[in-house]
Amino acid sequence: MAEHGPDSVAFYVSGQLLTEDYYVANKLMKGFIGSGNIDTNSRLCMASSVAGHKRAFGTDTVPGQYEDLEEADLIVLVGSNLAWCHPVLYQRILAAKSARPGLRIVNVDPRRTASSDMADLHLAVAPGSDVALFNVLLAQIAAQGAVDQSYVAAHVAGYEAALNAASTEDASATGLSRDELQAFCDLWIRTEKVVTVYSQGVNQSSSGADKVNAILNCHLATGRIGKPGMGPFSVTGQPNAMGGREVGGLANMLACHLDIEEPAHRLAVKDFWDAPAIAATPGLKAVDMFRAVGDGRIKALWIMCTNPAVSMPEADAVAAAIEACPFVVVSDMFADTDTAKLADVFLPATGWGEKTGTVTNSERCISRQRAALPVPGEARHDWQAVCAVAAQMGWGAAFDYSSPAEIASGASARPACFPPAGHAGSRLFGCPDPGDPGAAPRAGLRDGRTAQRIRAAGIREKSRRCHVPSGGSSLRSAAGAGPAGLPRTLRLRGACRPVPSENRRLRGLAAHIGESDSPREFRCLVRWPAKACHLPPPHGELG
């Protein structure tokens, strides 16, 4: 830092961290080192949803909660194979449908997946055509007179522009028949209590933010948002993606959902932390961060609780960049991950079952977890490692935390400018003291109508925008494109076996879990990046 400046260092952290780990890492990088160069693997899963939320609501606001799934009369799954990726949530929906057989479920996915088994209607859309589908729906909402005119007039900006763009959509881009489109639009429009659940099939796309806004537009135009049993619902791709976003764990944001570009927000956070500096501009985001590592701009890199040499786009280039970086620190449970093998310093870290702290789920409910296992050997919690490094750098007094409860107390307090102008009401942190084993939740914490729900009182207070997806025609032309430099016609329609996850922090000690143990699996080499993955045969046979 003395030779190359604060922007020569970077942290790459993880949605598998607890919120307390996230908080101290973000505090050290942005408030004391003075750089925005901290980003997370949650970027790969949730950045599109964050951008869509901010464009529509002015803040990264989730307007729904899990109870909505049990109160809805229609659930639309978009790009979300819940049966595999969110199995507990999948079982909750199954239970709701069993209790109320009239609950209808639509699954929007190019493939028929395990989640299609519970669906009343499966829409096998063309890959990447989600914007087209929901633009068609928005146009039909207007054509059938289903727009909530009073709601739009009072609370929504940009409706006419969004409708004009949607009205020019080519319905054939969806790959669906006229009858399929009409059945879907009629069902959605005629069912007031509708929840649209979306996940990585929407987010992980070159047009992901536009897909998010196309979904949000339909709920905003009908006023089906901020009410029980209705609204758009982003389910996260990382266990604590929400917690990281709340404490500013992305390169382009500050704690409490404050904006790094706003001088007043920066000053408020700097004063709150009593920090010697504050990042003045957004740092490098995940992909750009590793490109900066590769071209030598980043001289020192600390990777926590993730395995980017496997999980990042262009993984081979990322691994080469890490290997060439002058100084790399890796914190992980296992020293034999692809990334850990490239480290100059390896710090043994605890896994989630050995930690106490908090996480935030998709509906923004903050949960406390308690360690189930003792800390092994010389392993440390990630927050302890960060605080120890901060102390060695001369900032020990600002990182003199003795427990995750102390960190949680600081993280849940708010700078003086929160909520900032334009944000949708105060964030309610009704959280018990994590350090008190017998603490009961504060009144309302478990009451969906009070502390947890950002409901009509919050959503309706502020003007909402119907976002016009930028360059509608270009979205369609880009929908089928593969990675740069590859033929457009190259598509992988199977699904990688969910074994090569970020690292083994969530896989326990099953060292051989990645080995094929099923005769129904075969190896397929996909050269973007050149990593092998297991794929199930499409119909049980190899052609």
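What you see is a predicted model; the values in this text were computed from it and never measured.

(A) Representation of the overall build of the protein within the structure. Of regular secondary structure, the protein possesses 20 helices and 16 strands. Across the 543 residues in the protein, those meeting the buried criterion constitute 52%. Long-range contacts, defined here as pairs at least 24 residues apart, represent 71% of the contacts in the protein between residues at least 6 apart. Total accessible area on the protein is roughly 22400 Å²; 54% of this is exposed by carbon and sulfur atoms.

(B) Highlighting the nonpolar core. Val76, Phe134, Leu137, Phe184 and Trp188 are the most contacted members of the largest nonpolar core, which totals 42 residues. Per-element tally for this core: the top contributor is helix H11 (residues 208–222), with seven residues. Among the nonpolar cores identified, the runner-up in size contains 39 residues, and Val24, Leu254, Phe399 and Tyr401 belong to it.

(C) Structural view of helix H18 (residues 404–412). Of the residues making up H18, those classed as buried are Pro404, Ala405, Ile407, Ala408 and Ala411. For H18, the angular spread of buried residues about the axis comes to 160 degrees, placing them on one side. Lining the buried residues of H18 we find helix H1 (19–33), strand E12 (357–360) and helix H17 (382–395).

(D) Highlighting empty space enclosed by the protein. All chains considered together, the criterion is met by six cavities of 30 Å³ or more. For the second largest cavity, the calculated volume is near 70 Å³. Looking at the second largest cavity, the residues that line it are Val50, Lys54, Thr59, Asp60, Leu250, Asn252, Met253, His257 and Leu258. When the residues that make up the lining of the second largest cavity are grouped by side-chain class, the tally is four nonpolar, three polar and two charged.

(E) Spotlight on the environment of Ser367. Residue placement: Ser367 occurs in strand E13 (residues 366–369). Residue class for Ser367 comes out partly exposed when judged on its relative accessible area of 30%. Along the primary structure Ser367 and Gly357 are separated by 10 residues, whereas in three dimensions their C-alpha atoms are 8.4 Å apart. Leaving out residues up to four positions away in the same chain, Ser367 has contacts with Gly357, Thr358 and Val359.

(F) Inspection of H17 at higher detail. With 14 residues, H17 ought to run about 20 Å at 1.5 Å a step, yet its terminal C-alpha atoms sit only 17 Å apart, falling short of that. All of the buried residues in H17 are Asp382, Trp383, Ala385, Val386, Cys387, Ala390 and Trp395. Buried residues in H17 make contact with H1, strand E9 (300–304), strand E10 (327–332), strand E11 (345–348) and H18.

(G) The arrangement of unusual backbone geometry in detail. If you check the backbone angles, Asp274 has positive phi at about 55 degrees while not being a glycine. Classification of Asp274 as exposed rests on a relative accessible area of 65%. In this model, Arg364 sits at a positive phi of 70 degrees, which is unusual for a non-glycine residue. If you trace the backbone, Arg364 turns up in the loop between E12 and E13.

(H) Inspection of the sheet that holds strand E1 (residues 9–13) at higher detail. What the five strands build is an open sheet, ordered E2-E1-E9-E10-E11; its pairing is parallel. Unpaired on one side and paired on the other, strand E2 (38–40) and E11 mark the two borders of the sheet. On average, adjacent strands in this sheet sit at an angle of 15 degrees to one another, irrespective of strand direction. Looking at chain direction, E10 and E11 are connected through four bridges and run parallel. Bridge pairing in E11 places Val329 opposite Val345. Contacting E9, E10 and E11, H17 crosses the sheet at an angle of about 155 degrees to E9.

(I) Expanded view of the pattern of salt bridges. One pass over the full model with this rule turns up 15 salt bridges. With its nearest N and O atoms 3.7 Å apart, the salt bridge here joins Glu314 to Arg291. Separated by 23 residues along the polypeptide, Glu314 in the loop between helix H15 (308–311) and helix H16 (315–324) and Arg291 in helix H14 (residues 286–294) bring together distant segments of the chain. Between Asp382 and Lys355 there is a salt bridge whose closest N-O contact spans 2.7 Å. A residue pair is termed long-range when its members are at least 10 positions apart, and Asp382 in helix H17 and Lys355 in the loop between E11 and E12 qualify at 27 residues.

(J) Fine view of the packing of H1 against H18. Interhelical geometry of H1 versus H18 gives an angle of 65 degrees and a closest axis separation of 9 Å. By the angle between their directions, the pair H1 and H18 is classed as roughly perpendicular. Relative to H18, H1 is oriented so that their crossing is left-handed. On the side of H1, the interface is formed by Glu20, Tyr23 and Val24, while H18 contributes Pro404, Ile407, Ala408, Gly410 and Ala411. Split by residue class, the contact of H1 with H18 holds six nonpolar, one polar and one charged.

(K) Just the pairing of E9, in detail. Among the five residues in E9, five count as buried, and that is most of the element. Both E1 and E9 contribute to a ladder of four bridges, which runs parallel. Directly across from Val9, in E9, lies its bridge partner Ala300. Looking at chain direction, E9 and E10 are connected through five bridges and run parallel. Its bridge partner being in E10, Ile303 is matched across the sheet by Val330.

(L) Spatial organisation of the packing of aromatic side chains. On inspection of all chains with the given rule, the structure shows seven aromatic pairs. Ring geometry for Tyr12 and Phe290: centres 4.9 Å apart, planes at 80 degrees, overall edge-to-face. Remark: Phe290 occurs in helix H14 and Tyr12 occurs in strand E1; sequence separation between them is 278 residues. We note that Tyr12, like Phe290, is buried. Summarising the aromatic geometry, the rings of Phe134 and Phe184 are spaced 6.1 Å apart at their centres and angled 85 degrees between planes, so their arrangement reads as edge-to-face. Of the two residues, Phe134 is situated in helix H6 (residues 130–143) and Phe184 in helix H9 (residues 178–190); the sequence distance between them amounts to 50 residues.

(M) Local environment of the pairing of E13. By the bridge criterion, four bridges tie E12 to E13 in an arrangement that is antiparallel. Bridge pairing in E13 links Gly357 to Gln369. As consecutive antiparallel partners, E12 and E13 are separated by five residues, and within that stretch Arg364 has a phi angle of approximately 70 degrees, a positive value.

Conventions we followed
- Residues numbered from 1 in each chain as written.
- Predicted model: local features only at pLDDT ≥ 70, side-chain atom pairs only at ≥ 80, totals over all residues.
- Heavy atoms only, no water.
- Helix = DSSP H or I, 4+ residues; strand = E, 2+ residues; numbered from the N terminus.
- Buried < 20%, exposed > 50% of the residue type's maximum accessible area, 1.4 Å probe, protein only.
- Contact = heavy atoms within 4.5 Å.
- Areas by Shrake-Rupley, 256 points an atom, 1.4 Å probe, with all protein chains shown as cover.
- Core = buried A, V, L, I, M, F, W, Y, C linked by side-chain atoms within 4.5 Å.
- Arc of directions from axis to C-beta.
- 1 Å grid on protein atoms, 1.4 Å probe; cavity = no way out; pocket = protein on both sides within 12 Å on 5 of 7 lines; lining within 4 Å.
- Points joined across faces, edges and corners; volume = space filled by probe spheres on them.
- Nonpolar A, V, L, I, M, F, W, Y, C, P; charged D, E, K, R; others polar.
- Expected span 1.5 Å × (residues − 1).
- Pairing = 2+ DSSP bridges.
- Axes fitted to C-alpha atoms, helices over the stretch in contact; angles between N-to-C directions.
- Salt bridge = Lys/Arg side-chain N within 4 Å of Asp/Glu carboxyl O.
- Parallel < 35°, antiparallel > 145°, perpendicular 65-115°, else oblique.
- Left-handed = near helix turned anticlockwise from the far one by under 90°.
- Phe/Tyr/Trp six-rings, centres within 6.5 Å; stacked < 30°, edge-to-face > 60°.

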